[in-house]
Amino acid sequence: MLLLETKSLCKKFGGLSALADVNFKIPQGEIISLIGPNGAGKTTFFNLLTGVTEPSSGDIFFSGERINGFSPHWITARGIARTFQNIRLFPNMTALENGMIGRHCRTRNEVLSALFRTPAFYREESEIEKSAKEILSFVGLLPMGNVLAKNLPYGDQRKLEIARALLTEPRLLLLDEPTAGMNPSESEELILLIEKIRQQGISILLIEHQMRVVMGISDHIIVLDHGIKIAEGDPHQIQTNPDVIEAYLGGHHA
Amino acid sequence: MRKVTSTTVLVVNLLILSLYPLFVQGTSLSYTLRLGGIVGLYVLLALGLNITLGLVGLFDLGFMAFYAIGAYSASIFSIGGWNFWYSTLFSILITVTLRLLLGAPVLRLRGDYLAIVTLGFGEITRLILNNWDSVTNGPKGLPRVGESISGIKIWNFELTENIHYYYLILAVVFLAMIISKRLENSRIGRAWTAVREDETAAELSGIPVTRVKMLGFGASSVFAAIAGSLFIHWEKFVTPESFTFWESVLVVSMIVLGGIGSMSGVISGAILISGIPLLLQVLLGGDFISYRYLIFGITLVLIILFRPQGLVPSQRQALELGEKDSK
Ligand SMILES: Nc1ncnc2c1ncn2[C@@H]1O[C@H](COP(=O)(O)OP(=O)(O)OP(=O)(O)O)[C@@H](O)[C@H]1O
Ligand SMILES: [Mg+2]
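Because the structure is a prediction, the values reported are computed rather than measured. What you see as residue numbers is a count from 1 along each chain, following the sequence as written. Chain A is the first chain written and ligand 1 is the first ligand written, with later ones labelled in order. Local features in a predicted model are, by the rule used here, given only for residues with pLDDT of at least 70; side-chain atom pairs are given and counted only at 80 or more, and totals for whole chains, interfaces and linings are based on all residues. The side-chain values count all of the structure's non-hydrogen atoms but skip hydrogen atoms and water molecules.

> What is the right way to read the overall build of chain B from this model?
Check the secondary structure of chain B and you find 13 helices and 2 strands. For the radius of gyration, the atom set is restricted to C-alpha positions; the globular benchmark scales as 2.2 Å times the number of residues to the power 0.38. Taken over C-alpha atoms, the radius of gyration comes to 20 Å for chain B, in line with the 20 Å a tight globule of 327 residues would show. Judged by the C-alpha coordinates and their principal axes, chain B covers about 70 × 45 × 45 Å. For every residue, the accessible area (1.4 Å probe, protein chains only) is compared with the maximum for its type, and the residue is labelled buried under 20%, exposed over 50%, or partly exposed between those bounds. Within chain B, the proportion of its 327 residues that are buried is 50%. When checking whether two residues touch, look at their non-hydrogen atoms; a contact exists if any pair is within 4.5 Å. Long-range contacts, defined as pairs at least 24 residues apart, comprise 74% of the intrachain contacts of chain B with a sequence gap of at least 6. Per-residue accessibility takes into account occlusion by the displayed protein chains alone, with areas from the Shrake-Rupley method and a 1.4 Å probe. Element-wise, carbon and sulfur atoms account for 68% of the exposed surface of chain B, whose accessible area totals about 15500 Å². Each helix corresponds to a stretch of at least 4 residues labelled H or I by DSSP, and each strand to a stretch of at least 2 residues labelled E; elements are numbered beginning at the N terminus.

Below, the structure written as structure tokens:
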């Protein structure tokens, strides 16, 4: 079944065409990588999918439903969660609290139940706490639960971002260069984590620069260059595609 | 562990504050009860503004406008013959409504714009109070000659003396503290903090940022309205001069100085900033009275220098992590 589909998606920033006529399909349960040189439009693509910016033209469908034009929190509640190229945590909240924020769209307590501390309030709070702990332990961060996000080591901050995204119960998880700035053993660990997430039935769209990672993990790869989709296929097809090699080796000086 | 100690601190402070009047009532120190009541109103305002400024991180420079709206609407109702409870309730409704009407267009704006708009709103409110003679009686304030604001009656007990208002305000402050804490430690309170920390990340983590900001913006004005109503029922008159920009700045400094987002910090800040000038005014007397703002200013600078995070910096609550993953 198709989870996500974009139809001739375009995004212009003034005169710059950051994405042009991108058609894109993600089937359920796969790991799809989005690659391309710097400035190719990968992050812009994530921003369109999550409602951060609106497409100049074209449409986005998520499990059959058009989602462009809606606000990001609504899209998150529909089941798309993401991480950021530059880590964006809530620095002065603890790791556990960062995770608990992810539960917001799956819970309902409002001001009155908080003021009167109703049984429903306690029930939901402990549910939030429990699931946050579960996911923190899933990514291996539970022992750091009470540490402020800003005091976590870099690699753990990346994992915490993923944990927060997972806590929104996504069906599609968008990861924007999750291994950036990590040493090889940290990257290795992260790749295992991504595999583990996929085994939970969550589809993953991954932006990644390290070809070793991309080739090892992806079911399917899509290549963007200057906002245009220049190739797609399985890792083997991409590695041998002349356009891709050209984009990576020659394109920059054009 | 920490929780126990902070509860102890709270109980001890409350005990001292509630026993204090019994010792000074009828002595030459009884004027301090009036000061205590005034300081209490500032604590209430600071707790209210702490929700927007401290928790949600909205830079709100016109908070006094809502204190004014609360005070004036309560006065008008009281003059119209309503008792304390009804006039307070309806002044809360009016204050919150105006607050949300201001918030709806403004809360989409980023920080500095919000500061400018709220500042402007504060000034506009004061100008309206000064010039809308038929309703506010202009600079002369309310009530007009021949009218009066009634006092507060709780069941059959009529509050007449400062000591009564001291106790009432103490009770309201205590209630406001409980409300603040409960809001802070809840799903909505966490969402407020997340919005303060990173608005974009919060929205993308599923928080309806604008709605959550409106909630905080509205909730804080409830505190302002209650403070305003208490103020006029105690003072029995009100003029626009009580609600200058300077007052808004004072409340903001109480929060910054005490420790943004930290309840004990904000309370300490409010007590210091509103209390010190009042006390100095009385203590210094005579020739020294003109030095009181100098001393006050120096105190503030010293605190900021030595405790840049505020007197009692805010701390996140630690939760039990369970055994299963403790390596
Ligand atoms: N908000 C914006 N306003 C104007 N131009 C933008 C904006 N966001 C992105 N761009 C431009 O759009 C193009 C694509 O940027 P994008 O960040 O999507 O690239 P990317 O593929 O993620 O690159 P990288 O690998 O460096 O992260 C770039 O030329 C960038 O300068
Ligand atoms: Mg990018």
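Still to come is the rest of the account.
> Help me out: how do you make sense of the pairing of strand β7 (residues 172-176) of chain A in this one?
Residue and element names in this part refer to chain A. Of all 5 residues in β7, 5 are buried, a share of seventy percent or more. In short, DSSP must find at least two bridges between two strands for them to pair. Here 3 bridges tie strand β6 (residues 80-82) to β7, and the two strands are oriented parallel to one another. Across the sheet, the residue bridging to Ile 80 is Leu 172, located in β7. As paired strands, β7 and strand β8 (residues 203-207) are joined by 5 bridges and run parallel to one another. Among the inter-strand pairings, Leu 175 is bridged to a residue of β8, identified as Leu 206.

> Which parts of the structure should I look at to understand the packing of helix α11 (residues 245-258) of chain B against helix α12 (residues 263-284) of chain B?
Angle between the axes and distance between the axes: these two values describe a pair of packed helices. Residues and elements named next belong to chain B. Contact geometry for α11 and α12: axes closest at 7 Å, N-to-C directions at 130 degrees. Overall, the two elements α11 and α12 adopt an arrangement that is oblique. You can see that α11 and α12 cross each other, and the crossing is right-handed. The residues of α12 that touch α11, namely those facing Leu 250, Ser 253, Met 254, Ile 255, Leu 257 and Gly 258, are Gly 265, Val 266, Gly 269, Ala 270, Leu 272, Ile 273 and Ser 274. When grouped by side-chain class, the residues that make up the contact of α11 with α12 number 8 nonpolar, 5 polar and no charged. Angles here are taken between N-to-C directions and fall from 0 to 180 degrees, while the axes themselves are lines fitted to C-alpha atoms, restricted in helices to the stretch in contact. By definition in this entry, angles of less than 35 degrees are roughly parallel, angles greater than 145 are roughly antiparallel, angles of 65 to 115 are roughly perpendicular, and the rest are oblique. Crossing handedness follows the turn of the near helix against the far one: under a right angle anticlockwise gives a left-handed crossing, and clockwise gives a right-handed one. Each residue is assigned to one class: nonpolar for Ala, Val, Leu, Ile, Met, Phe, Trp, Tyr, Cys and Pro, charged for Asp, Glu, Lys and Arg, and polar for all the others, Gly among them.

> Would you mind going over the coordination of the magnesium ion (ligand 2) with me for this structure?
By definition of the ideal shapes, a tetrahedral metal site with four donors has angles of 109.5 degrees and an octahedral site with six donors has angles of 90 or 180 degrees. Residue and element names in this part refer to chain A. For the magnesium ion (ligand 2), every protein donor is listed as Thr 43 (OG1) and Gln 85 (OE1), and the spread of their distances is 1.9 to 2.1 Å. A residue pair is termed long-range when its members are at least 10 positions apart, and Thr 43 in helix α1 (residues 42-49) and Gln 85 in the loop between β6 and α3 (95-102) qualify at 42 residues. We classify Thr 43 as partly exposed; its relative accessible area is 24%. Each metal's donors are the N, O and S atoms found within 2.8 Å of it, except that Na, K and Ca use a 3.2 Å limit; water is left out, so coordination can look incomplete.

> Would you take a moment to explain the interface of chain A and chain B for this structure?
Interface size, as often reported, equals the accessible area lost upon joining of the parts. Listed as interface residues are 46 residues of chain A and, on the opposing side, 34 residues of chain B. Once two parts are put together, the accessible area they lose, assessed with a 1.4 Å probe and summed over both, is termed the buried area. When chain A packs against chain B, the two sides together hide about 3600 Å² of surface, and 60% of this comes from carbon and sulfur. Three residues, His 73, His 104 and Leu 115 of chain A, lead the burial of chain A against chain B; their summed loss comes to 17% of the area buried on that side. Only one rule defines a salt bridge in this text: a Lys or Arg side-chain nitrogen within 4 Å of an Asp or Glu carboxyl oxygen. Between chain A and chain B we count 5 salt bridges in total. Across the pair Arg 211 of chain B and Glu 110 of chain A runs a salt bridge whose closest N-O atoms are separated by 3.1 Å. Polar contact is the term for a pair of N or O atoms within 3.5 Å; when the atoms are in protein, one must be able to donate a hydrogen and the other to accept it, and sequence-neighboring residues count only if both atoms are side-chain atoms. Applying the counting rule to chain A against chain B returns 17 residue pairs in polar contact (both at pLDDT 80 or more). Elements that contribute at least two residues to the side of chain A that touches chain B include exactly α2 (72-78), α3, α4 (111-116) and α5 (119-138) of chain A. Of the residues forming the side of chain A that touches chain B, the biggest block, 8 residues, is contributed by α5 of chain A. Residue composition of the side of chain A that touches chain B, by class: 20 nonpolar, 14 polar and 12 charged.

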